[in-house]
Amino acid sequence: MKKKHLFNAIMRITVINIALGLTLIGGALANNTNAQVLNRKITLNAKDKEISKVLATIEREANITFIYSPVLIQANNKVTVSFKNETLSNILSQLLTSQNIKYEVSGNAIVLNRIIHPTGKPNEVEANQNESRQAIGISGTVTDDADQPLAGVSVTLRGSTTAVSTDNNGNYKINVPDNSAVLVFRYVGFLTQEAAVNGRTVINVKLLVDSRSLNEVVVVGYGSQRKSTITGAISSLDAKTVNALPVTSLDQALQGRVAGLTVTNNGSPGTQPVVTIRGISSISFASDPLYVVDGFPTGNLASFDVKDVESVEVLKDASAAAIYGSRATNGVILITTKKGARNGKVQVNLDSYVGGQSPSKKLDLLNTNQYVQYATALDGAGNLPPRFSSANFNMPVYPGASQTYAQTNTDWQDAYFRNNALITANNLSLSGGNDVSRFYTSAGFFDQDGIAVGLSYKRYNYRINSDHKISKVFTFGENLYTASSLQHYDATLGQNRTFLTNVIRMPPYIPLHDPANPGGYQGPISSFDGSDPTNPVEGALIGSNTVNTLKIVGTAYLDVNFTSWLKFRSTVGIDYTNAFQNNYTPIFNDGGTSSASSAAIANDRLSTTVQLYTQQLNFDKTFGLHHVAATAVYEQQGGVFVNETSSGNQATNTVTSLNGASNVAANSTRETNMLQSYVARVNYEYAGKYLLSGSIRRDGSSIWAPGHKYTNFPAASIGWKIDQEDFLKNSKSISELKLRASYGITGIPISSLGNYPYLSPVQSNQTYYPFDNGSPGGGNGSFTNGLSNADLTWETTKQLNIGLDLGLFNNTVTLVSEFFRRQTDNLILRVPTPFSEGFQGAGTLENVASMRNTGAEIALGYHKRDGDFKWDVTGLLSVMSNKVLKLNTPTASIASNSDPDFGAGQPFTNTVAGQSVQYFYGWIAQGIIQTQAEAAASGQTGAAPGDIKFKDISGPNGKPDGVIDSYDKTNIGSFLPKFTYSLNYNATYKNFDLGIFFQGVHGNKILNAENIILQGMPRLFNASTAVLDAWTPSNTNTSIPRAIVGDPNGNGRLSTRWIEDGSYLRLKNLELGYSIPTAALKSFTGNAISRLKIYVSSQNLFTITKYTGFDPEVGNKNTGSGGTLTNGVDFGQYPAARVFLFGIQAGF
Amino acid sequence: MKNKKIYVSILTVGLIVASVYSCKKSLNTTDSNVIASSDYFKNSAQLLAGTNAIYSAWHGSNLVGREWFFLHDMRSDDVATGGSQLEVARFQLLSGPGDSDPGNPVMNAVYQSLYTVIHRANTVTDNAPNVTDNAALRDRLVGEAKFLRGWAYFDLVTFWGSVPMYTSTVKTADGAQPKASIAAIYAQITKDLQDAAAILPGKSGYPSTDIARATSAAANAMLGRVLMQNGDYAGAKAALLKIPTTGPDGYSLTARYLDNFEEETEFNSESIFEMVYSDKGDNNFNWGSGTGDGTSADQTTVRNQEYDPIGWRNLIPSNHVLNEFENVAAGTGTKNDPRYGYTVYQTGDTFDNGTATLVDADQNGNSSVVHGTTIKVGWRKFQLIYKEDRPTAAFHPGSNNQRILRYAEVLLNLAECENELGNPASAVTYLNQVRARPSVNMPLYPTAQYPTATKANITAAIIHEKTVEMADEEVRNVDILRWRAKGYFATEPISWYTPALQYLPIPTQETDNNPKL
């Protein structure tokens, strides 16, 4: 058993692989060293069968692929053969030589050509001596999409038997009788193309990939499947699409690319966006999808280099996703990384861009004079803060300064935001291989500064993927990725007083700096200035808040190939992440609200080690018209999570570590979990028309109480390829028509529940009381804070999906439409306990709630594939509705996330049965009360002319009672869009290419909480210039209520005043590229560079929206697994940047 | 060859499967970072930790560290808004709309954490019977728990009236309780405090490291408050008289009135029960946990920042309270009550150990009107500017212990009991003890302004004396409830009061999620 047997372990073949393989056949033929494949032995019997069918049988038995032109080799000729355990070389010699066909091996493919009769002209073929009288000699080159030559393309003269094939360089020569002749170019996997001679003697042709190709394969869970036989809702993206945008993480690249997938920017560089597939599926937890990178299920894509991506598959419905069982409810995103080509060459690629990012919007804030004017209106002239006494206001801003406070006009937006912040990504990859081994390796460097001071993200990463055929039976492969990243993050993210909020609130008369202060900044003195914002630039820059992440993820697998139809794969993997967070604040004093008398150091290290073992058996066989594929998997995935924190203080700024610190406190925890799974799946296909698929996953998890560990997650789907029926098979217009339906049961990712969710343990020594007036040195108090629920178990979501795939005119027009309904009846809810139970309202996890998401998705495309000017346009549209069907009790409400700074501490959102999840919750504002009589009749305590009138909609008896109180709070809007859409246009003209990508959402509402800061006038802070238009007896025609201390009427309460239309349409990307012609490039660079594309692009160039805040793309304040019901509330989060960049893509 | 291939393949797969099977992990994991509830509170050390957690909840930011004093003050007539810095939700409690709003976050925070106190106390009383290693300690801890629970229910019943009552922890998801009657709640409080008074030692029974623990005197002082409020003046008197006035457990007035509000004189002879705060020198306050939780959490109270005359000045003394102090010029007394200057700072006063003088420009926000004069006045009680300079004091939360029960209140309450029980002479004697404090030294009752001829006269004197002696000590709103019910106010002291607003509404979170309501 020497390493002579070739063995194909490629479980994932894509068109690109094949195309790449084909383009490089020339090299393989030239040295002809790759003939081991011919030693394979098979048994073959055929009687009076077409050569094409015999070849198909050999393909299956020998696990190879034939590449040929059916016309050229006259594949319809019938033969009779009989071989028993004979080598392929013998079989092919006997079978083909008699038919005047020669064969050449390239990798795992065998290219067939007619034997050429020597004529002295090596590239000329005369298939038929009778045609020798033909007059005009035509020559040319046939290439593919990527301008790579195609060998073995059949070129025939229409209406005759004259045929030639292209040589290794894609060149052909053929004689035609006259100018009216038409050449037909045919090649397996490509669309047939015709070209009229029309006086030409050189006809170059570019063949386009046949998107109907049966060979197109998509990755599915635990394997791959021909796209044409997929019965679930799967969206596939290629490397080009995911690399179109300069983004930190892959999730961001998916925005607007997949119908039903929502990605919302949620912070500064390096911060993960909020990703949902088909809506919010959980009330108490995040709805993050499951990510599977090269078969390794993982929680997120932080640290991942987008350039390594070969393809991304988004599994949306139950039949596709249920193979991941308990983790599949939120959908599954499968990522496949690149592999080397088996062409015996090393391909070097450089992909690099650099650009600048800038904020795209600025708010109108008060200047110093306007601030004084506003403060006077709000506080009353007699009650102004001491700062405004002329002596204080005319003081120099610091001793020795030439400028007084009154003369100072700090633009805090300018001070905080940065223009032209750097973004650059660079990736250098090497790939290649031969029939034995292949590899892909890349090194990446990504660096992004924030558009605000103090924010950045930097990453270095390295990957190597390789596989090695040990023998015909065994193949070993591995994927290894390491990344090291450093993020300077916004420590106020998720808090109520973000830097952005303080940018708005800072009085304009305060200077940024005071050189005399330790730290060098100046801030307001809370009482003296009558205001307590903190200097946001100081906040961002005085200390340092970093997360240093080291990620190492690797898998190794061994394939055992019993026969061509039965394979076994054993995979082991490890995913290690070490995230080290460091927060440092030096000794400083801005003379105002912010100071620290000792330096504070806090470290938090979370190390996560996840181990994966997967044992997988695959069966794949065709019996006549029946095709059966089956998969059985045993998998276990276990994690160990170690968290260590330490903190302390230093009396000096010189030492920034805890060495010798005071007040040192430390803690560590260690948690583990384990998931064990049994998976089985069967796909059945009859005559390529009727598709049936069934799967079941049995998941057992350590996180549940004994007795509740295991649950089954079954799914089934059916498909009918109507285009394969006789009545459509030859249709000129309908090229693809498939109807499919699926139903299955899934669960939510357990990571969001923690590792011991059913337990409510003692909080042992977790609190402290200083009985002797001392400082804590560890806790001295223990308590319980919740109820254990041993009955807690998997929630199960039932999902129905009906889909229709339609292709018209050789798939020039494509349509994919989906309808889905998913419903969870035992949704895990953190049931709020009444305050009186003493758990501070903390919830108890119970399987009690019920929620339903219903929606539809459409993807419509037009693809113009021929001519110099090629373009394609794809539009996506998805609509969805959400309804909470049941909570723990009929009257239960989950009021969420109050904040005293935003609307007087009333909850922002509420969730009740019968409505959509987390609707905005508040009063309905009805304009300004103009008269004392109106105020008296308003039913609002504290109302006076100039206040907002709120609508009386209910009372204690369920009827309007003339009193405005909490009974009048209602649903005032939903963050859920009515629909989301995107439009993607790509065009190429000769060497130019253009990409335009629009993305939009429509019909959603945003709770512009930042507007409460800008216009709510709750306390004295800087504000929007809108407050200058506040109601006064002489300025009654306004929508801004009176300025009044303490807001007695609650004008700033959560109401429709703060609800805005969140619809937007954004030019997400605009890119123009130019590929330098290959010939010129090669001659200019002496063959050093084979491919060079340069491009310029802009992201977020413009946004059409009525939204008045910084950015209508509003994420979620709480990104953790805790409270999640703040989607669409704008707390002043980091806005999306406008980016201009320049990039190159080069191949060597 | 072919057979060999199959054998090798099968062998390999067999080995892989066997090795995987052998490393197959059990799904029965345990959390090795914590102790199951069922395995804890089994010995006196654990019960002690459980008891400490009750104190911790009481001193967190939802209660005595912050929201508790806000809620008490804003439902009294002791305070006014300092200006535009008072957060809206607080202003609305002060001005009325918040008092009918079941979503008011300040009110919600107090309600929520009072029940956390009760839950933690119930944890101790539930588990005590299983603790046998130190019966004496166990019994004392039960006494402390009952004192802290009784106090919590007293705040609940005076703020909210009828509320759900729990004397044992909730153990199942359907364990929520319905509202109990006000009478039943008072009965429970009385029993808790009587039990506590019987079990707990006097202050000399504790080592200095446990100086802040509840004593029998604390239980009796609280019991006196509670029984008075419930109309049982005889019972109240009996309880209050159990508080020793001599010996190692005895209490007496401090000569210096200010000793009750300054940091250096915590746990003085007058102090019966305090909430303890400690400071590590920075401006940090434990905003994160309403119940003060966290092993290294900051242990300061934010009162010094909120009310500080040169800090937030969120609440300032009401004109009512400022004008209540006897003043010669205003004709309200024959001597200016020195407690005015001990209670508030006004423009012209010195602070920072006498090194700085308060000017208008130090004081943000609203002015007050004292005897017809407009002047900026801020609270002095519990504030630290008596010893801190401007930059330090303005934002420093501080560690001045909050005195919850002090002997002066016992005397004033005894005066009220005696007056209600028909012993006017005795009542006047108690009042005069308070006035005779050396640093106060006010003319004894009767005075021209405050005669003591009738019960009503003495009632007026009691109301006056308690108003000025205990201004801003979080007793006024409870006193108002009691005195209002007896018709003692000629004019309603609370501007927004209507009978419907006597009690706060039960929070929405409770009504929505407690199916028993």
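Colleague: Honestly, the overall build of chain B in this entry has me stumped. Any pointers?
Modeller: Secondary structure assignment for chain B yields 18 helices and ten strands. Dimensions along the principal axes, computed over C-alpha positions, put chain B at roughly 120 × 50 × 45 Å. Residue burial in chain B is summarised as follows: out of 517 residues, 64% are buried. Of the accessible surface of chain B, which amounts to about 16800 Å², a share of 55% is contributed by carbon and sulfur atoms.

Colleague: Even after reading the chapter, I still don't get the pattern of salt bridges, so can you show me in this structure?
Modeller: Side-chain pairs of opposite charge can arise where the charged atoms are in close proximity. All chains considered together, the criterion is met by 76 salt bridges over all chains. We note a salt bridge from A:D947 to A:R1042, for which the minimum N-O separation is 2.8 Å. Taken as a pair, A:D947 in the loop between α15 (932–937) and β46 (948–950) and A:R1042 in the loop between α16 (1009–1015) and β51 (1059–1061) lie far apart in primary sequence, 95 residues in all. The partner of B:E492 in a salt bridge is B:R484, with the nearest N and O atoms 2.7 Å apart. Residue B:E492 is classed as partly exposed on the basis of its relative accessible area, which comes to 32%. One continuous salt-bridge network, built from bridges that share partners, spans B:E270, B:E326, B:D337, B:R339, B:K381, B:R406, B:R435, B:R437, B:E465, B:E469 and B:E473.

Colleague: Can you help me understand the packing of helix α7 (residues 182–199) of chain B against helix α8 (residues 216–229) of chain B in this one?
Modeller: Residue and element names in this part refer to chain B. α8 packs onto α7 with a crossing angle of 155° between their chain directions and a minimal axis gap of 8 Å. Judged by the inter-axis angle, α7 sits roughly antiparallel to α8. The way α7 lies across α8 gives a crossing that is left-handed. Contacts between α7 and α8 involve Y186, I189, T190, L193, Q194, A196 and A197 from the former and S216, A219, N220, M222, L223, V226, L227 and Q229 from the latter.

Colleague: Any chance you could explain the interface of chain B and chain A here in plain terms?
Modeller: Where interface size is quoted, it is often the accessible area lost as the parts come together. Contact with chain B, which involves 111 residues of that partner, is made by 103 residues of chain A. Regarding the contact of chain B and chain A, the summed buried area is about 8500 Å², with carbon and sulfur atoms giving 57% of it. Where chain B meets chain A, there are zero salt bridges. Our count for the chain B to chain A interface comes out at 28 residue pairs in polar contact (both at pLDDT 80 or more). Across the side of chain B that touches chain A, the residue classes break down as 44 nonpolar, 46 polar and 21 charged.

Colleague: I keep staring at unusual backbone geometry and nothing clicks. Help me out?
Modeller: Among all residues save glycine, negative phi is the norm, and among peptide bonds the norm is trans. Look at the link from B:Y445 to B:P446: it is a cis peptide, with omega at -5°. Relative to the assigned elements, B:P446 resides in the loop between α15 (424–435) and α16 (455–469). Its identity as a non-glycine residue notwithstanding, A:A687 has a phi of 55°, on the positive side. Along the chain, A:A687 turns up in the loop between β33 (662–686) and β34 (690–701). At B:F382, a position not held by glycine, the phi torsion is positive, near 70°. Inspection of the secondary structure puts B:F382 in the loop between β9 (377–379) and α13 (390–393).

Colleague: Explain the side chain of B:N366 here, please?
Modeller: Tracing the backbone through its elements, the reader meets B:N366 in the loop between β6 (356–357) and β7 (368–370). In this structure B:N366 comes out as buried when scored by relative accessible area, which is 16%. One polar contact links the side chain of B:N366 to the main-chain carbonyl oxygen of B:T81, over a distance of 3.2 Å. If we skip the residues at most four places from it in the chain, B:N366 touches A:N383, B:T81, B:G82, B:G83, B:R313, B:I316 and B:K376.

Colleague: Sorry if this is basic, but what is going on with the sheet that holds strand β21 (residues 332–337) of chain A here?
Modeller: Sheet strands line up and pair through hydrogen bonds in the backbone, either parallel or antiparallel. Residue and element names in this part refer to chain A. Here five strands make up an open sheet; going across it, the order is β15-β20-β21-β18-β19 and the pairing mixed. Edge positions in the sheet fall to β15 (234–238) and β19 (296–298), since each of these pairs with one other strand and no more. Neighbour-to-neighbour, the strand axes of the sheet open up by a mean angle of 20°, direction not taken into account. Direction of pairing for strand β18 (residues 290–293) relative to β19: antiparallel, over a ladder of three bridges. Residue pairing for β19: V293 is matched across the bridge by F296.

Colleague: Could you clarify how one ought to interpret the sheet that holds strand β47 (residues 970–971) of chain A in this entry?
Modeller: Here three strands make up an open sheet; going across it, the order is β43-β44-β47 (chain A) and the pairing antiparallel. The two strands at the open ends of the sheet, each matched to only one other strand, are β43 (909–910) and β47 of chain A.

Colleague: Even after reading the chapter, I still don't get a nonpolar patch on the surface, so can you show me in this structure?
Modeller: All names here are of chain A. On the surface, a cluster of nonpolar side chains totalling about 760 Å² of accessible area is made up of V354, L422, F869, Y989, F992, L1072, I1094, V1096 and F1142. Structurally, the position occupied by F869 is in strand β42 (residues 869–886). On the basis of relative accessibility, which here comes to 36%, the residue F869 falls in the partly exposed class.

Colleague: How do you make sense of the pairing of strand β40 (residues 813–832) of chain A when you look at a structure like this?
Modeller: Side-chain direction in a regular strand flips from residue to residue, so the side chains alternate between the two faces of the sheet. Residue and element names in this part refer to chain A. As paired strands, strand β39 (residues 797–808) and β40 are joined by twelve bridges and run antiparallel to one another. Paired with Q799 across the bridge in β40 is R822. Taking the residues that link successive antiparallel strands as the turn, the β39-β40 hairpin has four residues, and the phi of F809 there is positive, at about 50°. Where β40 meets strand β41 (residues 843–864), 18 bridges bridge the pair, whose relative direction is antiparallel. By the bridge assignment, V816 is partnered in β41 with A859.

Colleague: So what exactly am I meant to see when it comes to the environment of B:Q433 here?
Modeller: Residue and element names in this part refer to chain B. Here Q433 shows up in helix α15. Given the relative accessible area of 34%, Q433 is considered partly exposed. Sequence separation of Q433 and A238 is 195 residues, and the distance between their C-alpha atoms is 19 Å. Residue contacts for Q433: discarding those within four places in its chain leaves L253 and L411.

Colleague: When you look at the confidence of the model for chain A in this model, what are you seeing that I'm missing?
Modeller: Atomic detail in the predicted coordinates should be set aside for any region of low pLDDT. All names here are of chain A. On average, residues of chain A score 85 in pLDDT, and 93% of them are at 70 or above. For chain A, per-element mean pLDDT is lowest for helix α2 (residues 25–31), which scores 34, and highest for β51, which scores 95. Between residues 1–34, whose pLDDT stays under 50, and residues either more than four places distant or in other chains, the model counts 70 contacts. Within the model, pLDDT remains below 50 along residues 118–133, and this stretch shows 17 contacts once partners closer than five positions in the same chain are excluded.

Definitions and limits used
Residues numbered from 1 in each chain as written. Chains lettered and ligands numbered in written order. Predicted model: local features only at pLDDT ≥ 70, side-chain atom pairs only at ≥ 80, totals over all residues. Heavy atoms only, no water. Helix = DSSP H or I, 4+ residues; strand = E, 2+ residues; numbered from the N terminus. Buried < 20%, exposed > 50% of the residue type's maximum accessible area, 1.4 Å probe, protein only. Areas by Shrake-Rupley, 256 points an atom, 1.4 Å probe, with all protein chains shown as cover. Salt bridge = Lys/Arg side-chain N within 4 Å of Asp/Glu carboxyl O. Axes fitted to C-alpha atoms, helices over the stretch in contact; angles between N-to-C directions. Parallel < 35°, antiparallel > 145°, perpendicular 65-115°, else oblique. Left-handed = near helix turned anticlockwise from the far one by under 90°. Contact = heavy atoms within 4.5 Å. Buried area = accessible area lost by both parts, 1.4 Å probe. Polar contact = N/O pair within 3.5 Å; in protein donor to acceptor, adjacent residues only side chain to side chain. Nonpolar A, V, L, I, M, F, W, Y, C, P; charged D, E, K, R; others polar. Pairing = 2+ DSSP bridges. Patch = residues over 30% accessible without salt bridge, like charges linked within 9 Å, V, L, I, M, F, W, Y side chains within 5 Å. pLDDT = per-residue confidence, 0-100.

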